[in-house]
Amino acid sequence: QVQLGESGGGLVQAGGSLRLSCAASGLTFSGFAMGWFRQAPGKEREFVAAISRNGGGTYYADNVKGRFTISRDNAKNTVSLSMNSLKPEDTAVYYCAATLGSYYGESRGKYAYWGQGTQVTVSL
């Protein structure tokens, strides 16, 4: 079955950096667009970034644009999220998600597969 596993979360000071990774198995990875979402306590899960099947297209939420970079390695079945200039408001559980086909956007309902999430905490 399809499995997505996130790693790389942790505690970092404001202004610092983290790199999240998501390893995928049980699917033809190159056939899936990938996304990152996050959920802070008491809030809805929100879109962070997405990348097309071949990595040629990316899309970011306005509040992370210029600070976060999504990338993928289809040979290794991984997708990554590099996060710089982190802010306390970036604190959340971060999830990777997969959607079959050409769509790579912010609609949660389009993503059929989800990981368990990794905690990112940004302190002042």
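Scroll up to find the structure.
This structure is a prediction, so every number in the text was calculated from the model and none was measured.

K.L.:
Can you help me understand the pairing of strand β9 (residues 92-100) in this one?
P.N.:
Regular strands place side chains that alternate from one sheet face to the opposite one. In terms of burial, β9 is largely enclosed, as seven of its nine residues are buried. Pairing of β9 with strand β11 (residues 118-123) involves three bridges; the strand directions are antiparallel. In the strand pairing of β11, Tyr94 is matched with Thr118. As judged from the two bridges shared by β9 and strand β10 (residues 113-114), these two strands associate in the antiparallel manner. Bridging from a neighbouring strand, Ala98 pairs with Tyr113 of β10.

K.L.:
Could you clarify how one ought to interpret the pattern of salt bridges in this entry?
P.N.:
A side chain of one charge can pair with a side chain of the opposite charge when the charged atoms of the two come close. Across all of its chains, the model carries five salt bridges by this definition. A salt bridge links Arg38 to Asp90; the shortest N-O distance between them is 2.9 Å. Here Asp90 lies in the loop between β8 (78-83) and β9 and Arg38 lies in strand β4 (residues 32-39), a separation of 52 residues in the sequence. Of the two residues, Arg38 and Asp90, neither departs from the other in class, the shared state being buried. Note that Asp62 and Lys65 form a salt bridge whose closest N and O atoms lie 3.1 Å from each other. Per residue, the accessibility class of Asp62 equals that of Lys65, and both read exposed. Here the salt bridges do not stand alone but share partners, grouping Arg38, Glu46, Arg67 and Asp90 into one network.

About the thresholds
Residues numbered from 1 in each chain as written. Predicted model: local features only at pLDDT ≥ 70, side-chain atom pairs only at ≥ 80, totals over all residues. Heavy atoms only, no water. Buried < 20%, exposed > 50% of the residue type's maximum accessible area, 1.4 Å probe, protein only. Helix = DSSP H or I, 4+ residues; strand = E, 2+ residues; numbered from the N terminus. Pairing = 2+ DSSP bridges. Salt bridge = Lys/Arg side-chain N within 4 Å of Asp/Glu carboxyl O.

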